[in-house]
Amino acid sequence: MFAPTLSGFGLGLSLIVAIGAQNVFVLRQGVRREHLAAVVAICALSDIALIAAGIAGIGAALERMPWLLDVARWAGAAFLVGYGGLAARRAVRPGGSGLTAGNDPGRATTPAAAIATCLALTWLNPHVYLDTVFLLGSVANTHGDGRWAFGLGAAVASVVWFTALGFGARLLGRWLSTPRAWRILDGVIAVLMLVLAALLLAPTLG
């Protein structure tokens, strides 16, 4: 069961490290050391719940309609190739200045405001349902009995990333703030996405 777990970890990490409002918020809270444990816990636990929902929901659909497995394979592979292409484009032609949390200490955030903001950035983001529920759920179910091992790997990736980003914010923030760092990271993500797409389609092409 090690291979599905490793595959889940790789795909989960590749999806979650993409620059976005949620990562910026976690990094900012980490730099400011404000309500960090709650923010990290909400992000990680939300991902775990969404991953489990995706695996269980899509698994139930596949039991009733087995032909959806091939549809899920090709749809997932198409998404991975597209996502990898976008990452490759960002690596070649970056459009931003990197991930920054800002240097202005600003006004302190209340616990309620921090939690509400974190929940909104997580659950009101439409991409989280496409990435975490549909894509991870679909790819996980292509592993058959290893689908929950795949989900475990994706869940561990989420916990590792948010913990590292939040509690290592001052170190990671310094590194991730440079465009060159994100070009390297996007290049790695592009390669990994294409490899995962090929592995996903391998059973149908063999």
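Residues numbered from 1 in each chain as written. Predicted model: local features only at pLDDT ≥ 70, side-chain atom pairs only at ≥ 80, totals over all residues. Heavy atoms only, no water.

### A closer look at the overall build of the chain
In step 1: From N to C terminus, the chain includes 9 helices and 0 strands.
In step 2: Considering only residue pairs separated by 6 or more positions, the chain has 88% of its internal contacts joining residues 24 or more positions apart. (Helix = DSSP H or I, 4+ residues; strand = E, 2+ residues; numbered from the N terminus. Contact = heavy atoms within 4.5 Å.)

### Looking at the side chain of serine 158
In step 1: On the secondary structure map, serine 158 appears in helix H7 (residues 147–167).
In step 2: Its relative accessible area of 2% is what places serine 158 among the buried residues.
In step 3: Those residues in contact with serine 158, other than ones at most four positions away along the chain, are Ile16, Cys43, Ala44 and Asp47. (Buried < 20%, exposed > 50% of the residue type's maximum accessible area, 1.4 Å probe, protein only.)

### Considering the packing of helix H2 (residues 21–32) against helix H5 (residues 111–123)
In step 1: For the pair H2 and H5, the least separation of the axes is 9 Å and the interaxial angle reads 155°. On the basis of their axis angle, the class for H2 and H5 is roughly antiparallel. Between H2 and H5 lies a crossing of left-handed hand. From H2, Ala21, Gln22, Phe25 and Gln29 reach across to H5, where they touch Ala114, Thr117, Cys118, Leu121 and Thr122. (Axes fitted to C-alpha atoms, helices over the stretch in contact; angles between N-to-C directions. Parallel < 35°, antiparallel > 145°, perpendicular 65-115°, else oblique. Left-handed = near helix turned anticlockwise from the far one by under 90°.)

### Points about the layout of surface pockets
In step 1: The space that makes up the largest pocket amounts to roughly 600 Å³.
In step 2: Lining the largest pocket we find 26 residues, and of these Leu15, Ile16, Asn125, His127 and Asp131 sit closest to its centre.
In step 3: Of all the secondary-structure elements, those providing two or more residues to the lining of the largest pocket are helix H1 (2–16), H2, helix H3 (36–64), helix H4 (68–92), H5, helix H6 (126–141) and H7.
In step 4: Among the elements that make up the lining of the largest pocket, the one with the highest residue count is H6 (6 residues).
In step 5: For the lining of the largest pocket, the per-class residue count stands at 14 nonpolar, 9 polar and 3 charged. (1 Å grid on protein atoms, 1.4 Å probe; cavity = no way out; pocket = protein on both sides within 12 Å on 5 of 7 lines; lining within 4 Å. Points joined across faces, edges and corners; volume = space filled by probe spheres on them. Nonpolar A, V, L, I, M, F, W, Y, C, P; charged D, E, K, R; others polar.)

### Observations regarding the confidence of the model for the chain
In step 1: For the chain, mean pLDDT is 82; residues scoring 70 or higher make up 89% of the total.
In step 2: When the elements of the chain are averaged for pLDDT, helix H8 (residues 169–176) gives the smallest value, 72, and H7 the largest, 95. (pLDDT = per-residue confidence, 0-100.)

### Here's the deal with the environment of glutamine 22
In step 1: One can find glutamine 22 in helix H2.
In step 2: Separated by 96 residues in the primary sequence, glutamine 22 and cysteine 118 have C-alpha atoms spaced 7.2 Å apart.
In step 3: For glutamine 22, the residues in contact, after removing those within four places along its chain, are Cys43, Leu121, Thr122 and Phe162.
In step 4: Looking at glutamine 22, its side chain comes within polar contact range of the side chain of threonine 122, at 2.7 Å. (Polar contact = N/O pair within 3.5 Å; in protein donor to acceptor, adjacent residues only side chain to side chain.)

### Focus: the nonpolar core
In step 1: Core analysis: the biggest nonpolar cluster contains 40 residues, and Leu11 and Leu80 have the highest contact counts within it.
In step 2: Elements represented by at least two residues in this core include exactly H1, H2, H3, H4, H5, H6, H7 and helix H9 (179–205).
In step 3: At 9 residues, the largest contribution of residues to this core is made by H9.
In step 4: Leucine 80 has contacts with Leu11, Leu135, Met193, Leu196, Ala197 and Leu200, leaving out every residue within four places of it along the chain. (Core = buried A, V, L, I, M, F, W, Y, C linked by side-chain atoms within 4.5 Å.)

### Things to note about H7
In step 1: Helix length check: H7, at 21 residues, gives a terminal C-alpha distance of 30 Å against a target of 30 Å (1.5 Å per residue), a fit within 8%.
In step 2: Listing the buried residues of H7 in full gives Ala149, Phe150, Gly151, Gly153, Ala154, Ala155, Ala157, Ser158, Trp161, Phe162, Leu165 and Gly166. (Expected span 1.5 Å × (residues − 1).)

### Some words on H4
In step 1: Taking 1.5 Å of rise per residue, the 25 residues of H4 would be expected to cover 36 Å, and the 36 Å separating its terminal C-alpha atoms lies within 8% of that figure.
In step 2: Residues of H4 that are buried: Ala72, Arg73, Gly76, Ala77, Leu80, Tyr83, Gly84, Ala87 and Ala91.

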